[in-house]
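Structural overview for review
This is what each chain is made of:
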Amino acid sequence: MSWRSRPEAWALLAVAALAVPRRGDAQGWREVQLWGAGLASRPAVFVAGAGLAWRDAGRTRIGGAMAAGTTDDGRTAGRLEVAWHFLLDPRRQAGLSVYGGGGLALGVIEGDDLTPYVQLVLGIESNPGTPASVFVEGGFGGGVRLATGFRLRKQRRPAR
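Below, the structure is looked at part by part. Everything numeric in this text was worked out from a predicted model, so none of it was measured.

A few points about the overall build of the protein chain
Helices and strands together make up the secondary structure of the protein chain, namely one helix and eight strands. Shown N-terminal to C-terminal, the secondary structure of the protein chain runs as helices and strands in the order α-β-β-β-β-β-β-β-β. Counting only residues that meet the buried cut, the protein chain has 36% of its 160 residues in that class. Look at the contacts in the protein chain between residues 6 or more apart in sequence, and 52% of them connect residues 24 or more apart. As displayed, the protein chain offers around 9700 Å² of accessible surface, 67% of which is attributable to carbon and sulfur atoms.

What follows is the structure, given as structure tokens:
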């Protein structure tokens, strides 16, 4: 007897088909950011770079960013971050909105080993429901971290 002749196989397939989320108008956002960060650590680190993120239709943003820069003693530094953010007011068209989150970061300083960090952030973003915004973040991860930047976003639409 094949799986096609079994009613429970068809029932399972029907349940799976009903569980697939429907596409709606608000499919989320794709974001690109330019950012800079300073870390109060030994040595202090100053980096600038770019990142990509995806925001769902709700309150979640997942993204990654890379940056390169220098330390206060003149050595080259780099940073790679992967973070999850929870936005308190993601559809706000004007004014400021707060978000928080966490993730992982990798830091490297010339002459030192690659160092992983757990990162926690709390940020303020202007106009998160529009195509562009600025942000300021504070947090921890490889030292006390202060970051600022600019985000451009495009809303994803359903395929036709």
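There is more to say, and it comes next.
Examining the packing of aromatic side chains
Under the definition given, this model contains one aromatic pair. Between Arg61 and the ring centre of Tyr99, over which it is positioned, the NZ or CZ distance is 5.0 Å. Looking at Arg151, its charged tip hangs above the ring of Phe135, at a distance of 3.9 Å from the centre.

A word on the sheet that holds strand β8 (residues 144-155)
Each strand in a sheet pairs with another by means of backbone hydrogen bonds, the pair being arranged parallel or else antiparallel. Pairing in this closed barrel of eight strands is antiparallel, and the strands run β1-β2-β3-β4-β5-β6-β7-β8 around the ring. On average, adjacent strands in this sheet sit at an angle of 25° to one another, irrespective of strand direction. Examined bridge by bridge, strand β5 (residues 96-109) and strand β6 (residues 115-126) share 12 bridges and lie antiparallel to one another. Bridging across to β6, Gly102 finds its partner in Leu120.

A word on empty space enclosed by the protein
By the definition in use, this model includes one cavity of 30 Å³ or more. The calculated volume of the largest cavity comes to roughly 200 Å³. For the lining of the largest cavity, the secondary structure elements donating two or more residues are β1 (29-40), β2 (45-55), β3 (60-71), β4 (76-87), β6, β7 (132-140) and β8. Element by element, the count of residues in the lining of the largest cavity is highest for β3, at five residues.

Remarks on the pattern of salt bridges
Summed over all chains, the structure comprises 14 salt bridges. For Asp112, the salt bridge identified is with Arg75, shortest N-O distance 3.6 Å. Of this pair, Asp112 sits in the loop between β5 and β6 while Arg75 sits in the loop between β3 and β4; the two residues are 37 residues apart in sequence, bridging distant segments of the chain. With a relative accessible area of 40%, Asp112 lands in the partly exposed category. With a shortest N-O distance of 3.6 Å, Arg151 and Glu137 are connected by a salt bridge.

Topic: the nonpolar core
Counting 13 residues, the largest nonpolar core has Trp35, Ala37, Val45 and Val47 as its most contacted members. Elements with a minimum of two residues in this core: β1, β2, β3, β4 and β5. Among the elements that take part in this core, β1 stands out by supplying three residues, more than any other. Those residues in contact with Ala37 that sit more than four places away from it in its chain are Val45, Phe46, Val47, Leu146 and Ala147.

Reading the values: rules and limits
Residues numbered from 1 in each chain as written. Predicted model: local features only at pLDDT ≥ 70, side-chain atom pairs only at ≥ 80, totals over all residues. Heavy atoms only, no water. Helix = DSSP H or I, 4+ residues; strand = E, 2+ residues; numbered from the N terminus. Buried < 20%, exposed > 50% of the residue type's maximum accessible area, 1.4 Å probe, protein only. Contact = heavy atoms within 4.5 Å. Areas by Shrake-Rupley, 256 points an atom, 1.4 Å probe, with all protein chains shown as cover. Phe/Tyr/Trp six-rings, centres within 6.5 Å; stacked < 30°, edge-to-face > 60°. Lys NZ or Arg CZ within 6 Å of the ring centre and 35° of its normal. Pairing = 2+ DSSP bridges. Axes fitted to C-alpha atoms, helices over the stretch in contact; angles between N-to-C directions. 1 Å grid on protein atoms, 1.4 Å probe; cavity = no way out; pocket = protein on both sides within 12 Å on 5 of 7 lines; lining within 4 Å. Points joined across faces, edges and corners; volume = space filled by probe spheres on them. Salt bridge = Lys/Arg side-chain N within 4 Å of Asp/Glu carboxyl O. Core = buried A, V, L, I, M, F, W, Y, C linked by side-chain atoms within 4.5 Å.

Geometric descriptors of this kind do not, in isolation, establish any biological role.
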